[in-house]
Amino acid sequence: MILYGVKQGKYYNIDNFKQDLSDMEEKGFQRKIYINVTNKCNCACTFCLRNTKDMNEHNSLWLDRDTTAAEIIAAFEQYHWGNLEEVIFCGFGEPTMCMDVVIEAARYLKEKHPQIRTRMNTNGSGNRHNNRDITKELKGLIDTISISLNASDAKKYYEITRSRYGEEAYEDMLDFAVKCKQYIPNVVLTIVDCIGKEEIAACRQVCKERNLTLRIRPFES
Ligand code: SF4
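Conventions and cut-offs
- Each chain carries its own residue numbering, running from 1 in the written order of its sequence.
- Where totals are concerned, whole chains, interfaces and linings use all residues; where local detail is concerned, this predicted model gives features only for residues with pLDDT of at least 70, and gives and counts side-chain atom pairs only at 80 or more.
- The basis for every side-chain value is the complete set of heavy atoms in the structure, and neither hydrogens nor water enter the calculation.
- To be near a molecule or strand, a residue needs just one of its heavy atoms within 4 Å of it.
- When residues are grouped by polarity, Ala, Val, Leu, Ile, Met, Phe, Trp, Tyr, Cys and Pro land in nonpolar, Asp, Glu, Lys and Arg in charged, and all others, Gly among them, in polar.
- The axes are straight lines fitted to the C-alpha atoms, using for helices just the contacting stretch, and the angles between their N-to-C directions are given from 0 to 180°.
- Here a strand is any run of E in DSSP of at least two residues, a helix any run of H or I of at least four, and the numbering for each starts at the N terminus.
- Any angle between 65 and 115 degrees counts as roughly perpendicular, while under 35 counts as roughly parallel, over 145 as roughly antiparallel, and the rest as oblique.
- In this scheme, a crossing is called left-handed if the near helix is turned counterclockwise away from the far one by less than a right angle; it is called right-handed if the turn is clockwise.
- Whether two residues are in contact is decided by their heavy atoms: any pair within 4.5 Å suffices.
- Every case where a carboxyl oxygen of Asp or Glu lies within 4 Å of a side-chain nitrogen of Lys or Arg is listed as a salt bridge.
- Under the scheme applied here, a residue whose accessible area is under 20% of the maximum for its type counts as buried, over 50% as exposed, and between as partly exposed, the area being computed with a 1.4 Å probe on protein chains only.
- As used here, the term nonpolar core means buried Ala, Val, Leu, Ile, Met, Phe, Trp, Tyr and Cys residues forming a set that is joined through side-chain atoms within 4.5 Å.
- Throughout, disulfides are identified as pairs of cysteine sulfur atoms within 2.5 Å of each other.
- Working definition: a ring pair exists when centres of Phe, Tyr or Trp rings (six-membered ring for Trp) sit within 6.5 Å. Plane angles under 30 degrees give stacked, over 60 give edge-to-face, the rest tilted.

### Comments concerning the site of the ligand
Argument step 1. As a matter of local geometry, the ligand sits amid Cys 41, Cys 43, Ala 44, Cys 45, Phe 47, Cys 48, Arg 50, Phe 92, Gly 93 and Asn 123.
Argument step 2. Among the residues forming the shell around the ligand, the class breakdown is seven nonpolar, two polar and one charged.

In structure tokens form, the structure reads like this:
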């Protein structure tokens, strides 16, 4: 599925809701819709749903191929968006690996529904993957970027993410986050709450040194 809502860690196709999305709250959802952009990823995180759940072609979020911007826009146009607060680009993979799609779909959203906030969830590899600074391309299109910090140093980060780019991926990710601050109103780095007090404190310090905002979110198994 391309567009979906999330409740208690489960994914529900947008067609579970009325066309004007007015029943999301009464069904226990936040007024947020997620966009499943791609399955591709340049990390292989130990905790990733792609690895830990029965993630194959039978899973409804698994895509046979990357979603196109035209498909996302066609899916948008089947619904009324007056009741929606936020749209989130994510996917079972890394959305910055499909930057053209993210940009075209976000531009459409901002033109047609400027009242809806936009967010992208990313592992922060976008500049490295695309071999250019993509942060400026997100200006005016993405309101919030949520970047997985995962760990307080490069070695721990690589052990968790098993990034294609090795331990260098950690500094790349932090550099990406700092650059995003020039163009995106809300830049948030995230960790999960189960990594221990010392590691959480060390992550706080990493963010403090770079004037980055840290969010500690509950771990969902
Ligand atoms: S970066 Fe995200 S999609 Fe990629 S492996 Fe890690 S958790 Fe999964």
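Let's pick the thread back up.
### A closer look at the packing of helix α2 (residues 69-76) against helix α3 (residues 99-112)
Argument step 1. Look at α2 against α3: their axes get within 9 Å of each other, and the N-to-C directions meet at 30°. Classified by the angle their axes make, α2 and α3 are roughly parallel. Helix-helix and strand crossings are classified by hand; for α2 and α3 the assignment is right-handed. Taken together, the residues of α3 that come into contact with α2 (itself represented by Ala 69, Ile 72, Ile 73 and Phe 76) are Val 101, Glu 104, Ala 105, Tyr 108 and Leu 109.
Argument step 2. Taken together, the residues of the contact of α2 with α3 sort by class into eight nonpolar, no polar and one charged.

### Remarks on the pattern of salt bridges
Argument step 1. As enumerated under the stated definition, the model contains 16 salt bridges in all.
Argument step 2. Of the charged contacts, one joins Glu 25 and Arg 31 as a salt bridge, the two residues approaching to 3.5 Å between their closest N and O atoms.
Argument step 3. The exposed category is assigned to Glu 25, whose relative accessible area is 53%.
Argument step 4. Among the ionic pairs, Glu 209 bridges to Arg 210, the shortest N-O distance being 3.6 Å.

### Here we look at the side chain of Thr 161
Argument step 1. With respect to the helices, strands and loops of the structure, Thr 161 is situated in helix α5 (residues 154-161).
Argument step 2. The exposure class of Thr 161 is buried, given its relative accessible area of 1%.

### Section: the nonpolar core
Argument step 1. In this structure, Trp 81, Phe 89, Leu 149 and Leu 189 are the most contacted members of the largest nonpolar core, which totals 57 residues.
Argument step 2. Contributing elements (two or more residues each) for this core: β3 (32-35), α2, β4 (86-89), α3, β6 (144-148), α6 (168-180), β7 (186-192) and α7 (197-209).
Argument step 3. A per-element tally of this core places α3 first, with eight residues.
Argument step 4. Look past the residues within four positions of Phe 89 in its chain and what remains in contact with it is Ile 35, Val 37, Pro 95, Val 102, Ala 105, Ala 106, Leu 109, Arg 119, Met 120, Asn 121 and Ile 142.
Argument step 5. If you look at the next biggest cluster of nonpolar residues, it comprises five residues, including Met 1, Tyr 34, Ile 88 and Cys 90.

### Quick notes on the state of the cysteines
By definition, a disulfide links two cysteine residues through a covalent bond between their sulfur atoms.
Argument step 1. All chains considered together, the criterion is met by zero disulfides.
Argument step 2. Lacking any disulfide linkage, Cys 194 is separated from the closest cysteine sulfur, that of Cys 203, by 11 Å.

### Regarding the packing of aromatic side chains
Argument step 1. In the structure shown here, the tally under the stated rule is eight aromatic pairs.
Argument step 2. Judged by centre distance (5.8 Å) and plane angle (85°), the ring pair of Tyr 11 and Phe 92 falls under edge-to-face. Note that Tyr 11 is positioned in strand β2 (residues 10-13) and Phe 92 in the loop between β4 and α3, a separation of 81 residues in sequence.
Argument step 3. Among the residues examined, Phe 92 registers a relative accessible area of 7% and is labelled buried.
Argument step 4. Through pairs of rings, three or more aromatic residues link up here, namely Tyr 4, Tyr 11, Tyr 34 and Phe 92.

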